[in-house]
Amino acid sequence: MYNSRHPGPPQAGQGFKFTVTETCERIKEEFNFLQAQYHSLKLELEKLATEKTEMQRHYVMYYEMSYGLNVEMHKQ
């Protein structure tokens, strides 16, 4: 992922010739990319947390039903 976004090392005789403006632009682009990734992961985390809560709620409901059924069977 990282390597596909940035060119490889300079070739012989090419050297580094980045200006301050170009370097700042690259940092800004990388920051925006990371910020978008963070936002996406945060949304995914919130979705999974909601699903977890829902699954726990279902588990408790089924457990209570099972327990109640077991109690009724022992009564008979």
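Calculation notes
Residues numbered from 1 in each chain as written. Predicted model: local features only at pLDDT ≥ 70, side-chain atom pairs only at ≥ 80, totals over all residues. Heavy atoms only, no water. Helix = DSSP H or I, 4+ residues; strand = E, 2+ residues; numbered from the N terminus. Buried < 20%, exposed > 50% of the residue type's maximum accessible area, 1.4 Å probe, protein only. Areas by Shrake-Rupley, 256 points an atom, 1.4 Å probe, with all protein chains shown as cover. Salt bridge = Lys/Arg side-chain N within 4 Å of Asp/Glu carboxyl O. UniProt positions renumbered as here; feature names shortened; annotations may be inferred.

### Quick word on the overall build of the protein
Looking only at helices and strands, the protein features two helices and zero strands. Looking at the protein as a whole, 3% of its 76 residues are labelled buried. As presented, the protein carries roughly 7500 Å² of accessible surface, and 63% of it is formed by carbon and sulfur atoms.

### Considering the pattern of salt bridges
The final tally for this structure, using the stated rule, is two salt bridges. Between R57 and E54 there is a salt bridge, with its nearest N and O atoms 2.7 Å apart. Of this pair, R57 and E54 are both found in helix α2 (residues 20–75), three residues apart, which corresponds to roughly one turn of the helix. Residue classification places E54 among the partly exposed residues on the basis of a relative accessible area of 35%. Note that K75 is salt-bridged to E72, the shortest N-O span being 3.5 Å. Of this pair, K75 and E72 both sit in helix α2, three residues apart, which is roughly one turn of the helix. Relative accessible area serves as the criterion here: at 39%, E72 is assigned to the partly exposed category.

### Examining the UniProt feature "coiled-coil region" (unreviewed entry) in the protein
Here the UniProt feature "coiled-coil region" (unreviewed entry) sits at residues 24–58. A distance of 51 Å separates the end C-alpha atoms of residues 24–58, which is 100% helix and 0% strand.

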